[in-house]
Structure formats: structure tokens, C-alpha cells
Amino acid sequence: MKALIIGGGIIGLSSAYYLSEAGWEVEVLEAGDFADNCSYGNLGMVVPSHFVPLAAPGIVAQGVRWMFNSSSPFYIKPGLNSKLINWGLKFLRSANAKQAEAAARPLLELNLFSKSLYEELATHLNFGLEKKGILMYFKTESVAEEENHLAEKARAMGLDAVYLSRQEVLHLEPEQQPDVLGAVHYRCDAHLHPNSLMREMITILKQKGVRLSAGKPLQKMVRDQDQIKEIIAGGDSIKADLFVMASGSWLPETMKQAGISIPLMPGKGYSFTGNEGGPALRIPAILCEARVAITPMAGQLRFGGTMELAGFQHKVSMNRVRGIVESVPRYFPAMKLEMPREKEVWYGFRPCSPDGLPFIGYAKNVRNLLVAGGHAMMGLSLGPATGKLIAELAQSQSTSVDISAFDPNRFS
């Protein structure tokens, strides 16, 4: 039995890994060259702490306030784009307390499952997995109250989360001396080096006999009633028994080839990596008010943030990069961070579903098409779990975690 995977990011490669482990012949198609997709520019965080979906209460009001600031963490391009309007209306309906509460447990279980798989992979792959947790820093009383409330909820759900005073933070980061009110230390979280992870995954897949086909953009899917018979990619006709759609932010376009509509918008984010020239940062950090993340990575620091909902816009907004740069010394005065040059800034498109939950499962009325996408900012964190679930579904096995909340047909 042959499985054909469309998309060579961490979701596609993880699906290939676990399908190969299950005995499938596997081929992965990538429009590019497997060397530069969202998985490479990721901040490398593995985050059971992120059980609140992107579509959360209060995010709409906050987003409106940010929209008109050119250096803010959030931007929606104005205009009567029917796809954006359709997606936005679904997002508005999803951004409420009831839906966020219902999403928390499924997201947590998926993240915990993925972390356990990363720990297993780290026994024979070297991608710098470290289990130091993540520090969520805050500077204002209002955010301190929000983060304390969230930490209480996290502990009630079984996570190792500790609310820290300023003095306790200084003890954990004595060289940095953060200028904050405090932080929540999610000791349940971990981090890794995404570039090493991708290289290691590609190497082991080749060793397993998985075929990695670069320069193969999907052009057509040939559907015969309730199944896909073949696809046309890069001018070639390719047949398979099972098709896995792991095409990231291009999921709506690729699913359309099978006659299926799926709501998803690309959310552009930026990152850059370098030596900040100051004291070392020991533990990955999220600067809550600024919505900026920092990860120690292979002797350097990777900085990232922003969310731009503007379609596939390939221009780098240096104002938004400046917003990241200028926010850092407000939390870490000792960090000597200079504005990167435009060519040093990486950007990628995060696949955002309207309710902040991924799509994992069989497509409606197509018995051999599995969907694996819509992970937004948690693609790397949820990669192994998604891949393992895809393999379990392909084998008609019971899934390791309940995936009913991730039904890819929930908006149809």
C-alpha cells in the first residue's frame, strides 16, 4: 500500500515517518526543495501550556486596538476579500469562552502526546531537545492577573506551572536581571532546534526508503466518486492508495483540487536569529504584553512574533520587525539587540483555522484522503502527534488521543 503526502514541513515529514513505521510505502511531495518552510523558522517550542486556542475571548478587541499600529504584533489587511471575510465571521463565532473551554482539553492532550513522542524521537535523533520549560513574563498588573488565572487553570488540568515573583525570576535568570513584575514558569514545556530536527527527519526518512520528491507543486487531483485515484504534480501523474494533505497555509487551494472547501488563512510571522551580545538567556521566554518569543538555540537566540492576516504577502514589514526588537529591552535591559537587516529576517505563513484548532482526519466523502493542517503557531509542537494520528487512522486503529474536536469537516 502506498501513501502519498502533499507537503514537506514537520507535519508531512512526521506523517511520513509514522506511516513508514507502520509498513507503508511512502512518498512526500514538496513544491519547493524541503529546505525552507515554516518548520525552519519556528521558535522551537513544545508547548503543552498552549491549551488556549488562537480564537480566544478578548482577542478580537485586542486585535482591533493593534491593527492601526504599524509595529504592533497583529495586523489584518483591510479590504473586501471574500475568503478573509468568510474566515473572519467564523473566527468571531468561535472566539468565546464556551468554545475556548471546550478546546482546552483536546489541545492539551494533543500537545502532551506530541511531547512524549519528541522524547521518544530524541533517543535516536539529535535535535537539541531540552526540558527547561518556558517563562511567560509580564510587566503589568492586569496581565499578571490574567497569567495567574491561566496558571491556576493549567495546574487544575495537571500541568506543572508555577507563578513566580520578580525575585524568583531573578534567581532563574540572574545574568539577565529581567525588568518584570514576575512570570509563570511552565515547567511542563520544552524546546528544540527546528533546523536540526528537519535535517534529522529528512535523513532518517531517506534511510527508511521514503521518497522525498522536491519541485512537485500539486496541479490536479483526479477524483472518482468517493476516492482520489491519482494526482498531477510537477507535470507527473502519481497514483497511490492513500493521500495525506499536509500543505500548510496552502491547504484551501490543495483541498479545492479534490472538490472540498476548507476555511484557513495564512498568518505571516517573522523571526531572526543572532547573538544578542549580552548575558546568556537560560530559559525560553514569551513576553506577554509584546507577544514576542525568544528561544536559546544552538548557542544563539531566536526572536519571533507578529501575526499578519494579509494573504500571501511576501514583503517584509521592517516596522513589525522593529516592534519585536524594541520590545525586548523593555523586559531584558541587558540584552544588546540590534535591528537585523532585511535579508536576515525570516518569515513564514502559519496555517490558521477559524477556531484555532487543527484539522486532523478523513475528508468528507473521500475515503482515501486524510487532512493534516491548520496548526497555526503550534505546527512544530504538534508535528509528531499529528503524524502518529495520521498513521493510526490509515491503519484503521483507535487513535492515541480523542480527535473529534479536530474533525476537518466541522465547518462544512
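This text follows the structure it describes.
Residues numbered from 1 in each chain as written. Predicted model: local features only at pLDDT ≥ 70, side-chain atom pairs only at ≥ 80, totals over all residues. Heavy atoms only, no water.

## A look at the overall build of the protein chain
Point 1. Check the secondary structure of the protein chain and you find 11 helices and 20 strands.
Point 2. Rg of the C-alpha trace for the protein chain: 21 Å, near the compact-globule value of 22 Å for 412 residues, within the 12% margin.
Point 3. For the protein chain, the spread of C-alpha atoms along the three principal axes comes to 65 × 50 × 45 Å.
Point 4. Looking at the protein chain as a whole, 58% of its 412 residues qualify as buried.
Point 5. Restricting the contact set of the protein chain to residue pairs at least 6 apart, pairs at least 24 apart contribute 76%.
Point 6. Across the protein chain, the 42 positively charged side chains and the 40 negatively charged ones have centroids separated by 5 Å. (Helix = DSSP H or I, 4+ residues; strand = E, 2+ residues; numbered from the N terminus. Rg over C-alpha atoms; globule rule 2.2 N^0.38 Å. Buried < 20%, exposed > 50% of the residue type's maximum accessible area, 1.4 Å probe, protein only. Contact = heavy atoms within 4.5 Å. Lys, Arg positive; Asp, Glu negative; His and termini not counted. Charge placed at Lys NZ, Arg CZ, Asp CG, Glu CD.)

## Description of the packing of aromatic side chains
Point 1. If you walk through the whole model with that rule in mind, you get 11 aromatic pairs.
Point 2. Seen in terms of ring centroids, Trp 250 and Phe 349 are 6.2 Å apart; in terms of plane orientation they differ by 85°. Their pairing is edge-to-face. A residue pair is termed long-range when its members are at least 10 positions apart, and Trp 250 in the loop between β13 (242-245) and α9 (251-256) and Phe 349 in strand β18 (residues 346-352) qualify at 99 residues.
Point 3. According to the relative accessible area criterion, Phe 349 is buried, its value standing at 6%. (Phe/Tyr/Trp six-rings, centres within 6.5 Å; stacked < 30°, edge-to-face > 60°.)

## Comments concerning the nonpolar core
Point 1. Membership of the largest hydrophobic core comes to 75 residues, with the highest contact counts inside it found for Leu 19 and Tyr 118.
Point 2. Counting 28 residues, the second-largest nonpolar core is a separate cluster that includes Ala 183, Phe 272, Leu 281 and Val 321. (Core = buried A, V, L, I, M, F, W, Y, C linked by side-chain atoms within 4.5 Å.)

## Things to note about the pairing of strand β16 (residues 292-297)
For a regular strand, side-chain orientation follows a simple rule: the groups alternate between the two sheet faces.
Point 1. For β16, the buried fraction is high: 6 of the 6 residues fall into the buried class.
Point 2. Here β16 shows a buried face lined by Val 292, Ile 294 and Pro 296 and a second buried face lined by Ala 293, Thr 295 and Met 297.
Point 3. In this antiparallel pair of consecutive strands, strand β15 (residues 285-287) and β16, the connection spans 4 residues, and Arg 291 shows a positive phi of 55°.
Point 4. One ladder, built from 6 bridges, connects β16 with strand β17 (residues 300-309); its direction is antiparallel. Looking across to β17, one finds that Met 297 is bridged to Gln 300. (Pairing = 2+ DSSP bridges.)

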